[in-house]
Amino acid sequence: MLEEKKIQPEGKFMHFMKAYSGRAWRWIRRPAIARSMWGFLGAMLFIFIWRATPSASSPMTYFVINERGFNDAYLGFTGSIAYVGHLIGALLYGKWLDKCALRKVFFWTITSSTVFGLLNLFIIYDWAPIDIFGHSFHYKSLNLIIDLIAGMLFYISFLPILKLAALICPKKREATMFAIIASIMNIGLALSSQFGGMIWQGFGENYAVLDNYYLVILGLNLVVLPFILLLPKKQEPLQVSL
């Protein structure tokens, strides 16, 4: 009688991994796939650098609570206003910006965010009430406007990244690609808070120099602009499956 050889579970797994990795390597080596993958890797690197730029959110939050009298209920309300900005940004992107190049969208959203971020200096320097076009704005009203604009600009820059992932990833892998993007963004956001905190410690955690600290943070946000060149010039769909 012939002896039956039992294949161990470890052997099955290694056999599967060897076959799948070989298939994946042959897929990646296709010229069209290679170009798409390099474009995707460049986009992921840009997303990481973009989200990892230092943030002044924590010092500003404590400042408006301790020095300007913002309470928890009001801060929660401003978060809701930011979500309204997300909705407006999604509508604007879907209506007018969907066909624009990624590089152009990110250039204008990053520069616009920096310019509108200067409005926080009115709160820092105690320039209130503020008269704009004949209307008087107090700290809280101005802060609502800032959060609305920030939420809108964030979503205008976030949606094209999702579209890029859907275009260049293999068919039926869209959810996996979104998970990768979300993970990279979350890591970048965590580092952003850490870098902002380290810079704030370098300023001695002193509200007297908060204006200088905030201007430094805004300037660092512009450092990401040259990395826009990592994004692909065109958004071309990938027509193959893995």
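Since the model is a prediction, treat every value here as computed from it, not as a measurement.

Draft legend 1. Layout of the overall build of the protein chain. Summing up its helical and strand segments, the protein chain has nine helices and two strands in all. Secondary structure elements of the protein chain occur, N-terminal to C-terminal, as α-α-α-α-α-α-β-β-α-α-α. Here the protein chain, with 242 residues, has 34% of them falling under the buried criterion. Considering only intrachain contacts with a sequence separation of at least 6, the fraction spanning at least 24 residues in the protein chain is 81%. Summing over all exposed atoms, the protein chain offers an accessible surface of approximately 15000 Å²; the carbon and sulfur share of this is 66%.

Draft legend 2. Helix α4 (residues 72-97), seen in detail. For α4, with 26 residues, the first-to-last C-alpha span of 35 Å sits near the 38 Å given by 1.5 Å per residue. Taken together, the buried positions of α4 are Tyr 74, Thr 78, Ile 81, Ala 82, Gly 85, His 86, Gly 89 and Tyr 93.

Draft legend 3. View of a nonpolar patch on the surface. A contiguous nonpolar surface patch, about 310 Å² in accessible area, is contributed by Leu 45, Val 223, Phe 227 and Leu 230. By secondary structure assignment, the location of Phe 227 is in the segment after α9 (210-221).

Draft legend 4. The arrangement of the nonpolar core in detail. In this structure, Met 44, Phe 46, Ile 47, Phe 106, Ile 181 and Leu 231 are the most contacted members of the largest nonpolar core, which totals 20 residues. Broken down by secondary-structure element, the contributors of at least two residues to this core are α2 (31-52), α5 (102-117), α7 (139-168) and α8 (174-202). A total of six residues in this core trace back to one element, the largest contributor, which is α2. With residues near it in sequence (within four places) discarded, Ile 181 still touches Met 44, Ile 47, Ile 161 and Ala 165. With 19 residues, the next largest nonpolar core counts Val 64, Tyr 74, Ile 124 and Leu 210 among its residues.

Draft legend 5. Representation of the packing of α8 against α9 within the structure. Where α8 meets α9, the closest approach of the two axes is 10 Å, and the angle between their N-to-C directions is 145 degrees. For the crossing formed where α8 meets α9, the hand is right-handed. Taking contact as the criterion, the partners of Gly 196, Ile 199 and Trp 200 in α8 are, on α9, Leu 210, Tyr 213, Ile 217 and Leu 220. Taken together, the residues of the contact of α8 with α9 sort by class into six nonpolar, one polar and no charged.

Draft legend 6. Spotlight on the layout of surface pockets. If you add up the space inside the largest pocket, you get close to 1400 Å³. Along the walls of the largest pocket sit 41 residues, with Arg 51, Ser 55, Ser 57, Asp 147 and Ala 150 positioned nearest its centre. For the lining of the largest pocket, the leading source of residues is α7, giving nine residues. Taken together, the residues that form the lining of the largest pocket break down as 21 nonpolar, 18 polar and two charged.

Criteria and cut-off values
- Residues numbered from 1 in each chain as written.
- Predicted model: local features only at pLDDT ≥ 70, side-chain atom pairs only at ≥ 80, totals over all residues.
- Heavy atoms only, no water.
- Helix = DSSP H or I, 4+ residues; strand = E, 2+ residues; numbered from the N terminus.
- Buried < 20%, exposed > 50% of the residue type's maximum accessible area, 1.4 Å probe, protein only.
- Contact = heavy atoms within 4.5 Å.
- Areas by Shrake-Rupley, 256 points an atom, 1.4 Å probe, with all protein chains shown as cover.
- Expected span 1.5 Å × (residues − 1).
- Patch = residues over 30% accessible without salt bridge, like charges linked within 9 Å, V, L, I, M, F, W, Y side chains within 5 Å.
- Salt bridge = Lys/Arg side-chain N within 4 Å of Asp/Glu carboxyl O.
- Core = buried A, V, L, I, M, F, W, Y, C linked by side-chain atoms within 4.5 Å.
- Axes fitted to C-alpha atoms, helices over the stretch in contact; angles between N-to-C directions.
- Left-handed = near helix turned anticlockwise from the far one by under 90°.
- Nonpolar A, V, L, I, M, F, W, Y, C, P; charged D, E, K, R; others polar.
- 1 Å grid on protein atoms, 1.4 Å probe; cavity = no way out; pocket = protein on both sides within 12 Å on 5 of 7 lines; lining within 4 Å.
- Points joined across faces, edges and corners; volume = space filled by probe spheres on them.

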